[in-house]
Amino acid sequence: MFGRRLLGWQLAALLSACAVAGAQEGARKPDAGGNEALLYWQAFGLLSGLPKEERLAAEGGYSWQPSPPEVRREVFQKTAEAAKTIYRATRMARCDWAEDPAEGTAPMLPRVQMCRSLARFLAFRAKHQFEQGQHRAAVDDLLAGFTLARHTAADDTCIGMLVGVAIESVFAATSLEHLQQMDPATLDALQSGLDHIPPRPTWKAILAQDKRRLDEWLIPQFAATSDSEAWKATLRKMYPDAPVSDSASNLPPKSPKGKPDSPKVQQEARPEEPQASVLIERFGTREALVSHLKEGHKLLDELAQFPFPPPGTPSPQLMAKIDEMAKRSPLFRDYCSLSANSYSLYSRGAVRFQLLRAAIAVQRHGREALKDYPDPSGDGPFEYRKRKDGFELVAKLRSHLGPLSVKVGPLAEGEQRIQWN
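These numbers come from a predicted model, not from an experiment.

Student: Looking at this model, I keep getting lost on the pattern of salt bridges. Mind explaining?
Tutor: Side-chain pairing between opposite charges can occur once the charged atoms of the two side chains come close. Overall, the coordinates contain 24 salt bridges when judged by the stated rule. Notably, a salt bridge pairs Arg120 with Glu59, separated by 3.9 Å at the nearest N-O pair. Of this pair, Arg120 sits in helix α6 (residues 108-131) while Glu59 is found in the loop between α3 (52-58) and α4 (69-78), placing the two residues 61 residues apart along the sequence. Residue classification places Glu59 among the partly exposed positions, given a relative accessible area of 23%. Here Glu168 ties to Arg200 by a salt bridge, and the two come within 2.9 Å at their closest N and O atoms.

Quick look at the structure:
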């Protein structure tokens, strides 16, 4: 499925090392035409041809064990053509990954992995630029990296959006780490560049893509066959039944008569995990299942009409709406990308980006500049906390890990540049 199950894969991917940064030419005027996607693939091809040691160095910009300085210098020079190709891509006006919704989500996976590889390469270049004292060139790298992050999400899918958010987090951390090294003109260039990168996809656009894949990929999995029983095998593959456990805590619920409840009743006790046997019992025929799925795009349309709050703003009402729809369709969370987890990551990315912009303004103009960069998750400016050799900005957005915050200046042992990253 392309909802919860693929989101589970994506959440695991987001926790892996994902690094970025970006491009070295100053003027960022869009080319007259062309498609960035083709250039990104060309750059990836150039990097893939490097010997293993050099390829690891080129993708090790955010590694805890970077390559020796002499290797980094050589690889930096040797990969200039790949970098120029990426820089051209970030200046173009269009990024079309040309992925067919009828193919499901599988075609996205190589592409998002490619974007992550290019991100690591650009992070390597940015780190090298900072090490050489080329701060203005490094900022150009960072801006191109942020652009790559947004282009990763140009397909308006939840997967692309989440990978883009993960890439952005590394750019944000790298920018914050070096803010105090930048002169006023460089800080202004960074702020201005961030104002002009492509926008994130909206949830309405993401839900529209969910609808396309529902209609063009998921439903045909059941409908496009002459075998009236094949739908059961497809369901068993997509939703394997949980294995039987000897543990008393995992025994099936019992009815008042002491007999095991039916699969349908058991499923209603834990609706977050559809199982094939439950779905087969519920729908009975392929035609009934297909009819139910066709009603799903109406639910997606209904959700898309919900009054979404600004990015970063918590919305208990939206979460309640999703829960309501999940009760109306046992498969809703599997064909709808919008969930509590995906909305949280989306919101976190929006607030973190605003924290970065606010930090740049404070570094450039002082604490008074906070009034121009309000907290999307609150009702006023970010909280300012003075540190010994820098400052910290704290958002209202919280999780079980605490509030989201960013730090500028030297870090003590164990501290993180972005708290709750």
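Student: Where do I start with the side chain of Ser117 in this structure?
Tutor: Looking at where Ser117 falls in the secondary structure, it is placed in helix α6. Exposure remark for Ser117: the relative accessible area of 7% places this residue in the buried category. With residues near it in sequence (within four places) discarded, Ser117 still touches Phe44 and Glu59.

Student: What exactly am I supposed to notice about unusual backbone geometry here?
Tutor: Positioned with a positive phi, Ala98 is a non-glycine residue whose angle comes to about 55°. Counting through the fold element by element, Ala98 comes out in the loop between α5 (80-91) and α6. The residue Asp156 is not glycine, and still its phi comes out positive at about 60°. With respect to the element layout, Asp156 can be found in the loop between α7 (135-152) and α8 (158-178). The exposure class assigned to Asp156 is partly exposed, which follows from its relative accessible area of 26%.

Student: Even after reading the chapter, I still don't get the confidence of the model for the protein chain, so can you show me in this structure?
Tutor: Low pLDDT means the predicted atomic positions in that stretch should not be read closely. When pLDDT is averaged across the protein chain, the result is 85; 84% of the residues are at 70 or more. In this model, residues 6-32 is a region of pLDDT below 50 whose contacts with residues beyond four sequence positions or in other chains number 89 contacts. Every residue in residues 264-271 is under pLDDT 50, and counting partners more than four places away or in other chains gives 11 contacts.

Student: What am I meant to see in the environment of Pro274 here?
Tutor: Among the structural elements, Pro274 can be located in the loop between α12 (263-269) and α13 (276-283). Looking at Pro274, the relative accessible area reads 3%, which means it is buried. Spatially, the C-alpha atom of Pro274 lies 9.2 Å from that of Asp334, the residues being 60 residues apart in sequence.

Student: Even after reading the chapter, I still don't get helix α11 (residues 230-238), so can you show me in this structure?
Tutor: Turn by turn, an α-helix covers 3.6 residues, leaving residues three or four places apart pointing in a common direction. Within α11, the full set of buried residues consists of Trp231, Thr234, Leu235 and Met238. Along the long axis of α11, the arc covered by the buried residues comes to 100°, so they all point the same way.

Student: Quick question: what am I supposed to make of the packing of helix α9 (residues 184-195) against helix α17 (residues 340-365) here?
Tutor: Any two packed helices are characterised by how steeply their axes cross, that is the angle between the axes, and by the distance between the axes. Contact pair α9 / α17: the axes reach a minimum separation of 10 Å and the direction vectors enclose 155°. Here α9 lies roughly antiparallel to α17, going by the angle between them. Here α9 and α17 pass one another in a crossing that is left-handed. Touching Pro184, Leu187, Asp188, Leu190, Gln191, Leu194 and Asp195 of α9 are Phe353, Leu356, Arg357, Ile360, Ala361, Gln363 and Arg364, all from α17. Residue classes in the contact of α9 with α17 are distributed as 8 nonpolar, 2 polar and 4 charged.

Student: Would you take a moment to explain the state of the cysteines for this structure?
Tutor: Here, the word disulfide means a covalent bond between the sulfur atoms of two cysteines. All told, the structure shown has 0 disulfides when counted by the stated rule. Cys95 supplies the cysteine sulfur nearest to Cys115, a cysteine that is in no disulfide, at a spacing of 7.4 Å. The class of Cys115 is buried, set by a relative accessible area of 0%. Left without a disulfide partner, Cys158 is nearest to the cysteine sulfur of Cys336, which lies 8.8 Å away. Cys158 sits in the buried class, given a relative accessible area of 6%.

Student: Please clarify how the nonpolar core should be interpreted in this entry.
Tutor: Buried together is how nonpolar side chains tend to be arranged in soluble globular proteins. Counting 73 residues, the largest nonpolar core has Tyr40, Phe121, Leu179 and Leu393 as the members making the most contacts within it. Other than its neighbours up to four places away in sequence, Leu179 contacts Leu187, Leu190, Ala359, Ile360, Gln363 and Val408.

Student: I would appreciate a short explanation of the side chain of Asp155 in the present structure.
Tutor: Tracing the backbone shows Asp155 in the loop between α7 and α8. The buried category is assigned to Asp155, whose relative accessible area is 11%. In this structure the side chain of Asp155 is engaged in a polar contact, spanning 2.8 Å, whose partner is the side chain of Thr157. Discounting chain neighbours no more than four positions away, the residues touching Asp155 are Trp97, Glu99, Met108, Arg111, Gly160 and Gln209.

Student: Just to check I follow, could you spell out the sheet that holds strand β2 (residues 390-399) for this structure?
Tutor: Strand pairing in a sheet relies on backbone hydrogen bonds, with the paired strands running either antiparallel or parallel. Strand order in the open sheet formed by 4 strands is β1-β2-β3-β4, with antiparallel pairing between adjacent strands. Lying at the two open borders of the sheet, with one neighbouring strand each, are β1 (383-387) and β4 (418-419). Strands in contact with α17 are β1, β2, β3 (402-408) and β4; relative to β2, the strand with the most contacts, it is inclined by about 160°.

Student: Help me understand the packing of helix α2 (residues 36-48) against α5, please; the structure alone is not making it clear to me.
Tutor: At a minimum axis separation of 8 Å, α2 and α5 run at an interaxial angle of 165°. The pairing of α2 with α5 is recorded here as roughly antiparallel in orientation. As α2 packs across α5, the resulting crossing turns out to be left-handed. Counted together, Glu36, Leu39, Tyr40, Gln42, Ala43, Leu46 and Leu47 of α2 and Glu81, Ala82, Thr85, Ile86, Arg88, Ala89 and Thr90 of α5 form the full contact between these two elements. Partitioned by chemical class, the residues of the contact of α2 with α5 number 8 nonpolar, 3 polar and 3 charged.

Student: For this particular structure, what's the right way to read the pairing of β2?
Tutor: Every other side chain in a regular strand lies on the same face of the sheet, so the side chains alternate between the two faces. β2 sits mainly inside the fold: 7 of its 10 residues count as buried. The pairing of β1 with β2 spans 5 bridges and is antiparallel. Bridge pairing in β2 links Glu383 to Val394. Where β1 folds back onto β2 in an antiparallel hairpin, the turn is made up of 2 residues. Sheet topology note: the β2/β3 ladder contains 6 bridges and is antiparallel. Paired with Glu392 across the bridge in β3 is Lys407. Where β2 folds back on β3, the antiparallel hairpin that results is connected by 2 residues.

Procedures and definitions
- Residues numbered from 1 in each chain as written.
- Predicted model: local features only at pLDDT ≥ 70, side-chain atom pairs only at ≥ 80, totals over all residues.
- Heavy atoms only, no water.
- Salt bridge = Lys/Arg side-chain N within 4 Å of Asp/Glu carboxyl O.
- Helix = DSSP H or I, 4+ residues; strand = E, 2+ residues; numbered from the N terminus.
- Buried < 20%, exposed > 50% of the residue type's maximum accessible area, 1.4 Å probe, protein only.
- Contact = heavy atoms within 4.5 Å.
- pLDDT = per-residue confidence, 0-100.
- Arc of directions from axis to C-beta.
- Axes fitted to C-alpha atoms, helices over the stretch in contact; angles between N-to-C directions.
- Parallel < 35°, antiparallel > 145°, perpendicular 65-115°, else oblique.
- Left-handed = near helix turned anticlockwise from the far one by under 90°.
- Nonpolar A, V, L, I, M, F, W, Y, C, P; charged D, E, K, R; others polar.
- Disulfide = S-S within 2.5 Å.
- Core = buried A, V, L, I, M, F, W, Y, C linked by side-chain atoms within 4.5 Å.
- Polar contact = N/O pair within 3.5 Å; in protein donor to acceptor, adjacent residues only side chain to side chain.
- Pairing = 2+ DSSP bridges.

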